[in-house]
Amino acid sequence: MIDLSQIPNLHVIDHPLIKTRMAKLRAVGTTPGEFRDHLGTIGRLMAYRVTEDLPLTELEVETPLEVMTGHQPARPVVVVSILRAGLGMVEPFQQLLPEAYFGHIGLARNEETLQPESYYCKLPPTLSEADVFLVDPMLATGNSSIEATSQLKAEGASRLRLVCLVSAPEGIQKYHEAHPDVPIYTAVVDRGLNEKGYIVPGLGDAGDRYFGTL
């Protein structure tokens, strides 16, 4: 039995609106269009929560009536998606953080070894000074997220957060062991992994359901 209480960097975002949308996201009869809508809504709710402690700096703002003090992010914000399912979480962050930079890491899972195989990496040049959010709907075995995080650290990222929708305890534990300094934000923690390394009860292949390639 995995004791997740021993992982201080784990944050489960428990919200009624996330729960109701998650039920619809999981349902086998949900169409690709509906799946994209529900994922986008959950993503926006999560983006709001995972950014609530971003540091700010002051700036002068001229309103129609007077000059006042406003605020802006103190550092650049970078959102990196793990292709291809992670693309579904890009738009929610774009809507809330239009000034953010975006990068992509392509990792394909070898279905025999369950290990990630890298095929693409394109990142903004601001990683070392930025708050970086690595987004992927599923944290299953943890292998892809671990590899992507390692690539980001190698490129200079130091203020990292992992954001996912559905997680397995096995993946959470393995990721934390590899990157104990990186907080994990998830909407739900499921029962575990099946013999093929898929999350159960899960929601199936997020990329296939998002893009309609079942």
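In what follows, the accompanying structure is described. (Residues numbered from 1 in each chain as written. Predicted model: local features only at pLDDT ≥ 70, side-chain atom pairs only at ≥ 80, totals over all residues. Heavy atoms only, no water.)

**Structural notes on the pairing of strand β4 (residues 77-83)**
Side-chain direction in a regular strand flips from residue to residue, so the side chains alternate between the two faces of the sheet.
Working step 1: Across the seven residues that make up β4, a large majority, seven, are buried.
Working step 2: Side-chain alternation along β4 places Val 77, Val 79, Ser 81 and Leu 83 on one buried face and Val 78, Val 80 and Ile 82 on a second face that is also buried.
Working step 3: As paired strands, β4 and strand β5 (residues 101-109) are joined by six bridges and run parallel to one another. When the bridges of β5 are listed, Ile 82 appears paired with Ile 105. (Buried < 20%, exposed > 50% of the residue type's maximum accessible area, 1.4 Å probe, protein only. Helix = DSSP H or I, 4+ residues; strand = E, 2+ residues; numbered from the N terminus. Pairing = 2+ DSSP bridges.)

**Concerning the nonpolar core**
Working step 1: Ranked by size, the top nonpolar core spans 32 residues in total, and within it Leu 25, Ile 42, Met 46, Phe 93, Val 163 and Leu 165 carry the most contacts.
Working step 2: Among the elements that take part in this core, helix α2 (residues 32-50) stands out by supplying six residues, more than any other.
Working step 3: When near neighbours in sequence (up to four residues on either side) are disregarded, Phe 93 contacts Ala 47, Val 50, Val 79, Phe 102, Phe 133, Val 135 and Val 163.
Working step 4: Within the second largest apolar cluster, 23 residues are counted, among which are Ile 105, Leu 107, Tyr 175 and Val 182. (Core = buried A, V, L, I, M, F, W, Y, C linked by side-chain atoms within 4.5 Å. Contact = heavy atoms within 4.5 Å.)

**Section: the packing of helix α1 (residues 16-26) against α2**
Working step 1: Across the interface, α1 lies against α2 with an axial gap of 9 Å and an inter-helix angle of 155°. Regarding the angle of α1 to α2, the classification is roughly antiparallel. Crossing geometry of α1 relative to α2 is assigned as left-handed. Where α1 abuts α2, its residues Leu 17, Ile 18, Arg 21, Met 22, Lys 24 and Leu 25 lie against Phe 35, Asp 37, His 38, Leu 39, Thr 41, Ile 42, Leu 45 and Met 46.
Working step 2: Residue composition of the contact of α1 with α2, by class: nine nonpolar, two polar and three charged. (Axes fitted to C-alpha atoms, helices over the stretch in contact; angles between N-to-C directions. Parallel < 35°, antiparallel > 145°, perpendicular 65-115°, else oblique. Left-handed = near helix turned anticlockwise from the far one by under 90°. Nonpolar A, V, L, I, M, F, W, Y, C, P; charged D, E, K, R; others polar.)

**Brief notes about the environment of Asp 190**
Working step 1: Here Asp 190 lies in the loop between β10 (184-189) and β11 (192-193).
Working step 2: Residues Asp 190 and Ala 140, 50 residues apart in the sequence, show an inter-C-alpha distance of 9.7 Å.
Working step 3: Not counting residues within four places of it along the chain, the set of residues in contact with Asp 190 comprises Arg 26, Val 166, Ser 167, Pro 169, Ile 199, Val 200, Pro 201 and Gly 202.
Working step 4: Reaching out from Asp 190, the side chain makes a polar contact with the backbone nitrogen of Gly 202 at a distance of 2.8 Å. (Polar contact = N/O pair within 3.5 Å; in protein donor to acceptor, adjacent residues only side chain to side chain.)

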